[in-house]
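# Structure at a glance
Spelled out from the first residue to the last, the chains are:
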Amino acid sequence: MKEIKEVAEQYHDRLVMSMITMSGKNCDCCDKPEHTRICIEHDSQDYSKDMWICPDCYAKIVKYWKENHPKKIAPI
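Criteria and thresholds
- For every chain, the first residue of the written sequence is number 1, and numbering continues from 1 onward in sequence order.
- In keeping with the predicted nature of the model, local features appear solely for residues at pLDDT of at least 70, side-chain atom pairs appear and are counted solely at 80 or more, and the whole-chain, interface and lining totals rest on all residues.
- Side-chain metrics rest on all non-hydrogen atoms present in the structure, leaving aside hydrogens and water.
- Segments assigned H or I by DSSP are reported as helices when at least four residues long, segments assigned E as strands when at least two residues long, and all are numbered from the N terminus.
- C-alpha atoms define the radius of gyration in this analysis, and the globule rule sets the expected value at 2.2 Å times the number of residues to the power 0.38.
- Only protein chains enter the accessibility calculation, which uses a 1.4 Å probe; a residue is then buried when its area is under 20% of its type maximum, exposed when over 50%, and partly exposed in between.
- Contacts: residue pairs with any heavy atoms within 4.5 Å of one another.
- Here the open area of atoms and residues is found with the Shrake-Rupley method and a 1.4 Å probe, where only the protein chains shown may cover a residue.
- When charges are counted, neither His nor the chain ends are considered; positive counts come from Lys and Arg and negative counts from Asp and Glu.
- Charge placement uses NZ in Lys and CZ in Arg. For Asp and Glu, CG and CD serve respectively.
- In this description, strands pair whenever DSSP reports at least two bridges between them.
- For this text, the term disulfide refers to a pair of cysteine sulfurs within 2.5 Å.
- The salt bridge criterion pairs a side-chain nitrogen of Lys or Arg with a carboxyl oxygen of Asp or Glu, the two atoms within 4 Å.

### Section: the overall build of the protein chain
Broken down by element type, the protein chain carries two helices and four strands. Going from N to C terminus, the protein chain has its helices and strands arranged as α-β-β-β-β-α. Since a compact globule built from 76 residues should have a radius of gyration of about 11 Å, the 11 Å found for the protein chain is in line with a globular shape. Put simply, the protein chain has 76 residues, and 38% of those count as buried. Within the protein chain, contacts between residues separated by at least 24 positions form 55% of all contacts whose residues are at least 6 apart in sequence. As displayed, the protein chain offers around 4900 Å² of accessible surface, 53% of which is attributable to carbon and sulfur atoms. Charged side chains of the protein chain number 12 positive and 13 negative; the gap between the two group centres comes to 2 Å.

This is the structure in structure tokens:
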């Protein structure tokens, strides 16, 4: 499992939320199997580095952003 802080420091929220629902895929952060995953964007904006993470990891990363880097959260 990648550390939440490590991911949060290198990634930011997408301007337009991107989600996917499909079986048989694992979270790129914690590696647990998930049906629904949310995409976050690498700070370099290199789309090949985008991560698909589970809702649990997303919530933890957003909490970290709110406390440390609020500008990484896309406006809703």
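Next comes the rest of the account.
### Re the pairing of strand S2 (residues 19–26)
Pairing geometry for S2 and strand S3 (residues 33–42), over five bridges, is antiparallel. Looking across to S3, one finds that Ile20 is bridged to Arg37. Counting the residues between successive antiparallel strands, the hairpin from S2 to S3 contains six residues, one of them, Asp31, with a positive phi of roughly 70 degrees.

### Focus on the state of the cysteines
One pass over the full model with this rule turns up zero disulfides. In this model Cys29 remains outside any disulfide bridge; the closest cysteine sulfur is found in Cys57, 3.8 Å from its own.

### As for the pattern of salt bridges
Inspection of every chain in the model, using the stated rule, returns four salt bridges. Measuring nitrogen to oxygen at the nearest pair gives 2.8 Å for the salt bridge that ties Lys72 to Asp43. Taken together, the residues span a long stretch of sequence, with Lys72 in the segment after helix H2 (55–68) and Asp43 in the loop between S3 and strand S4 (51–53) at a distance of 29 residues. With a relative accessible area of 14%, Lys72 lands in the buried category. Its relative accessible area of 34% is what places Asp43 among the partly exposed residues. Residues joined by salt bridges that share partners form a network here, namely Lys32, Glu34 and Asp56.

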